[in-house]
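Each chain, letter by letter, is given below.
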Amino acid sequence: MEVIIRPDSDAAASLLVALIEQVVRQKPNATLGFATGHTMEMVYSKLAAKHANEGLDFSGCSTFNLDEYIGMSGKDPSSYRHYMNERLFSKIEIDLANTFLPNGVAEDIDAECERYERLIEERGGIDLQLLGIGSTGHIGFNEPLSALRSRTRAKALAPETREQNASMFGNDVDRVPKRAITMGVGTILDSRRCILLATGAAKAEIIASAVEGPVTSMISASALQLHTRCTVIVDEEAASALQNQDYYRWIFENEPEWQEFQ
Ligand code: F6R
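The rules we used
Residues numbered from 1 in each chain as written. Predicted model: local features only at pLDDT ≥ 70, side-chain atom pairs only at ≥ 80, totals over all residues. Heavy atoms only, no water. Phe/Tyr/Trp six-rings, centres within 6.5 Å; stacked < 30°, edge-to-face > 60°. Helix = DSSP H or I, 4+ residues; strand = E, 2+ residues; numbered from the N terminus. Buried < 20%, exposed > 50% of the residue type's maximum accessible area, 1.4 Å probe, protein only. Pairing = 2+ DSSP bridges. Patch = residues over 30% accessible without salt bridge, like charges linked within 9 Å, V, L, I, M, F, W, Y side chains within 5 Å. Areas by Shrake-Rupley, 256 points an atom, 1.4 Å probe, with all protein chains shown as cover. Salt bridge = Lys/Arg side-chain N within 4 Å of Asp/Glu carboxyl O. Lys, Arg positive; Asp, Glu negative; His and termini not counted. Charge placed at Lys NZ, Arg CZ, Asp CG, Glu CD. Polar contact = N/O pair within 3.5 Å; in protein donor to acceptor, adjacent residues only side chain to side chain. Contact = heavy atoms within 4.5 Å.

Sorry, what's going on with the packing of aromatic side chains here?
Aromatic ring pairs: the centre-centre distance and the angle between the two ring planes describe each pair. Counted under the stated rule, the structure contains 13 aromatic pairs. Plain terms: the ring middles of Tyr-44 and Tyr-83 are 6.2 Å apart, the flat faces sit at 80 degrees to each other, and that makes the pair edge-to-face. Remark: Tyr-83 occurs in helix α3 (residues 80–87) and Tyr-44 occurs in helix α2 (residues 39–54); sequence separation between them is 39 residues. The burial state of Tyr-44 is the same as that of Tyr-83; both residues are buried. Note on Tyr-69 and Tyr-80: the rings are 4.8 Å apart at their centroids and 40 degrees apart in plane angle, and the pair reads as tilted.

In this structure, what is going on with the sheet that holds strand β6 (residues 128–131)? I would like to understand it.
Where strands meet in a sheet, backbone hydrogen bonds hold them as pairs that are either parallel or antiparallel. The parallel open sheet is built from seven strands, whose spatial order is β1-β10-β9-β6-β2-β3-β5. Of all strands in the sheet, those bounded by a partner on one side alone are β1 (2–6) and β5 (99–100). Here two bridges tie strand β2 (residues 31–34) to β6, and the two strands are oriented parallel to one another. Across the sheet, Gly-33 pairs through a bridge with Gln-129, a residue of β6.

I would appreciate a short explanation of a negative patch on the surface in the present structure.
Judged by side-chain charge, Glu-107, Asp-108, Asp-110 and Glu-114 come together as a negatively charged surface patch. Along the chain, Asp-110 turns up in helix α4 (residues 109–122). Judged by its relative accessible area of 54%, Asp-110 falls in the exposed class.

For this particular structure, what's the right way to read the side chain of Thr-99?
As for its position among the elements, Thr-99 is in strand β5. Thr-99 gets classed as buried once you look at its relative accessible area, which sits at 3%. Only 2.7 Å separates the side chain of Thr-99 from the backbone oxygen of Leu-96, close enough to count as a polar contact.

Sorry if this is basic, but what is going on with the side chain of Thr-63 here?
Positionally, Thr-63 belongs in strand β3 (residues 62–65). Excluding residues within four positions of it along the chain, Thr-63 makes contact with Leu-32, Phe-34, Phe-89, Ile-94, Asn-98, Thr-99 and Phe-100.

What follows is the structure, encoded as structure tokens:
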């Protein structure tokens, strides 16, 4: 795992966008794993700008999102399908047939989860998986005690997560669905590269636990310590509870891979 500390959320999002650009330019048919949530909003607006102003071409890419609410069709403005279509897909000229999210209104949810796993496999696996982190330490919707080897499945949302996400439901926590389909922790760990982005002071404690604490199913993001190629990008605020900030900064300044991003 590597930790990169950027001065603010804009610089953190810009670095993530630069990494995505590098992957897409090197492999125009890359399979990208996407996350939703507030943290990613800036990333998607910057990616849309890269497409519009610099011609970054996503037409050969396939995409898989981490999760979708159960009971919510893609037409619902609070669905993650809607979020992705509005914020990114409609702006980057990608064929929607190559963009995948779990179907939250599938008749047979278990079969849908298996289908999703198969689809990821058929597209050759995920080259780059974007991740946010929830206040419970979840990645995707892998709430505390999610098995570290779990696969795509239905999962009940923790009460804290429903509160965290109420802002996307007119601040009415009762409107936040109680369950979602999510890629499992094991599914996420199968991605060839993972990048977790966290910004803002509210994420400081959970980032410190996930990065510097023990690997535990109580904090799904801590499982990323097991990944052979995982980068955590944080702004100063989200980094503020990390014990070893000087070490992370030293690595960033001295690893050749990061020279072009300084
Ligand atoms: C969303 C997802 C979640 C979010 C996390 C952070 O698809 O999988 O894990 O990334 O809840 O959300 P924000 O960015 O809203 O704090």
